[in-house]
Amino acid sequence: MKRMLLNCFALVAGALLVLPTLTFAQDYIPVPTPRPTATEQLGDLLKAKPLSVLPQKERACRSRLRKMGVRFKAVERIHGKGKCGIKYPLEIAGLPGGVKLSGRTVLNCRAGEALAEWTVKTAAPAAQKRFKSKLIRIDQYASYDCRTRNSKPGAKISQHSLGNAIDLGRFHMANGTIVDVASRPLPGMPKRRFMKTLRDAACTYFTTVLGPGSDVHHKDHFHFDIASRRNGYRYCK
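Residues numbered from 1 in each chain as written. Predicted model: local features only at pLDDT ≥ 70, side-chain atom pairs only at ≥ 80, totals over all residues. Heavy atoms only, no water.

Q: Outline the layout of surface pockets, listing residues and values.
A: Each pocket or cavity is described by its volume, and for the largest pocket that value is around 430 Å³. If you go around the largest pocket, you meet 20 residues; those closest to its centre are Arg149, Asn150, Leu210, His218 and His223. When residues of the lining of the largest pocket are traced back to their parent elements, those giving at least two are strand 9 (208-210) and strand 10 (222-225). In the lining of the largest pocket, the residues fall into 4 nonpolar, 10 polar and 6 charged. (1 Å grid on protein atoms, 1.4 Å probe; cavity = no way out; pocket = protein on both sides within 12 Å on 5 of 7 lines; lining within 4 Å. Points joined across faces, edges and corners; volume = space filled by probe spheres on them. Helix = DSSP H or I, 4+ residues; strand = E, 2+ residues; numbered from the N terminus. Nonpolar A, V, L, I, M, F, W, Y, C, P; charged D, E, K, R; others polar.)

Q: Run through the pairing of strand 5 (residues 99-107), naming residues and quoting values.
A: Two strands pair when backbone bridges link them, and strand 4 (residues 90-95) and strand 5 are joined in this way by 5 bridges, in the antiparallel orientation. From the neighbouring strand, Leu95 faces strand 5, where its bridge partner is Val99. The loop that links strand 4 with its antiparallel partner strand 5 comprises 3 residues; one of these, Gly97, has a positive phi angle of about 80 degrees. When strand 5 meets strand 6 (residues 135-142), the two strands line up parallel, connected through 3 bridges. Each bridged residue has a counterpart across the sheet, and for Leu101 the counterpart in strand 6 is Ile138. Handedness of the β-α-β unit built from strand 5, helix 4 (residues 109-131) and strand 6 comes out left-handed. (Pairing = 2+ DSSP bridges. Right-handed = clockwise from strand over helix to strand, strands pointing away.)

Q: Talk me through the side chain of Ser161; I want residue IDs and the actual numbers.
A: As for its position among the elements, Ser161 is in the loop between strand 6 and strand 7 (165-173). From its side chain, Ser161 meets the backbone oxygen of Asp145 in a polar contact 3.1 Å long. Apart from the residues within four sequence positions on either side, Ser161 is in contact with Cys84, Gly85, Tyr144, Asp145, Cys146 and Arg147. (Polar contact = N/O pair within 3.5 Å; in protein donor to acceptor, adjacent residues only side chain to side chain. Contact = heavy atoms within 4.5 Å.)

Q: So what's going on with the pattern of salt bridges? Residues and values would help.
A: In total, this model carries 7 salt bridges according to the counting rule given. The salt bridge involving Arg62 is made with Glu58; its shortest N-O contact spans 3.0 Å. Highlighted residues: Arg62 and Glu58, both in helix 3 (residues 56-68), separated by 4 residues, approximately one helical turn. Residue Arg62 shares its accessibility class with Glu58, and that shared class is buried. Of the charged contacts in the structure, one is a salt bridge between Arg104 and Glu91, with a shortest N-O distance of 3.0 Å. Here the residue Arg104 occupies a position in strand 5, and Glu91 occupies one in strand 4, the gap between them amounting to 13 residues. (Salt bridge = Lys/Arg side-chain N within 4 Å of Asp/Glu carboxyl O. Buried < 20%, exposed > 50% of the residue type's maximum accessible area, 1.4 Å probe, protein only.)

Q: Please provide a residue-by-residue account of the pairing of strand 10, values included.
A: Residues of strand 10 alternate between two faces, with Phe222 and Phe224 on one and His223 and Asp225 on the opposite face, all of them buried. Sheet topology note: the strand 7/strand 10 ladder contains 4 bridges and is antiparallel. Following the sheet pairing, Asp167 is matched in strand 10 by His223. For strand 9 and strand 10, the ladder comprises 3 bridges, and the chain directions are antiparallel. Along strand 10, the bridge assignment pairs Val209 with Phe224.

Q: Please give an account of the confidence of the model for the chain that cites residues and values.
A: Averaged over every residue, the pLDDT of the chain is 83; the share at 70 or more is 78%. Low pLDDT, under 50, characterises residues 1-51; the stretch is placed with 2 contacts to residues that sit more than four places away or in other chains. (pLDDT = per-residue confidence, 0-100.)

Q: Just give me the short version of the state of the cysteines, but keep the residues and values in it.
A: In the structure shown here, the tally under the stated rule is 3 disulfides. Between the sulfur of Cys61 and that of Cys109 lies a disulfide, 2.0 Å long from S to S. Between Cys61 and Cys109 the sulfur-sulfur dihedral comes to about -105 degrees; the bridge is accordingly left-handed. Of this pair, Cys61 sits in helix 3 while Cys109 sits in helix 4, and the two are 48 residues apart along the sequence. A relative accessible area of 3% means that Cys61 is categorised as buried. Shown here is the disulfide that connects Cys203 with Cys236, its sulfur atoms set 1.6 Å apart. With the S-S dihedral at roughly 80 degrees, the linkage between Cys203 and Cys236 falls on the right-handed side. Highlighted residues: Cys203 in helix 5 (residues 190-205) and Cys236 in strand 11 (residues 235-236), separated in sequence by 33 residues. (Disulfide = S-S within 2.5 Å.)

Dropping the structure here:
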């Protein structure tokens, strides 16, 4: 009996010696860092990439483009050298009536709207009238481009540098007719009358209209822009 009591005492004493060791080890088990909630994760994302809000005028302009059937997408803000750049640029791929634009056309919304209105109210109807065919494509020669006027050193900044201007050179009809602004068709010919209609009416939608005969820099294309001038003055030459 005495031996049994001694054995029990030894077992209890051994357990007491081990217990603090186990407790001590448990105190140093690393506690996992709590995961952020879904709301916290969203908050961090919004801080890293803040959502920009378009001004009301810009939203309204884009809405009008969509209603006219213009195909476009917004592109990142353009920060050009000096005064060059577009705050809210658009890449325009198609005009009303399914008219395509060749090349990459980047403009601000106001210039895009002027181009769309001119196309649907003037260019497309004129094509149908003169050639009994649908206007399907316009070849643009220049849209946004950070440079001076006519690329002359020391000259004033070009409206192309602000996304306000576009240069157009050829017009393609569904029946295969092509009108090249540089071709200089004879007076009275359908192509000549077509080009005159486009050019004359452009001054309704744009504030600057240049083309063959204006100067040597515009002998092969039309230049249209929406430059702001005093008293709403328009320069159509």
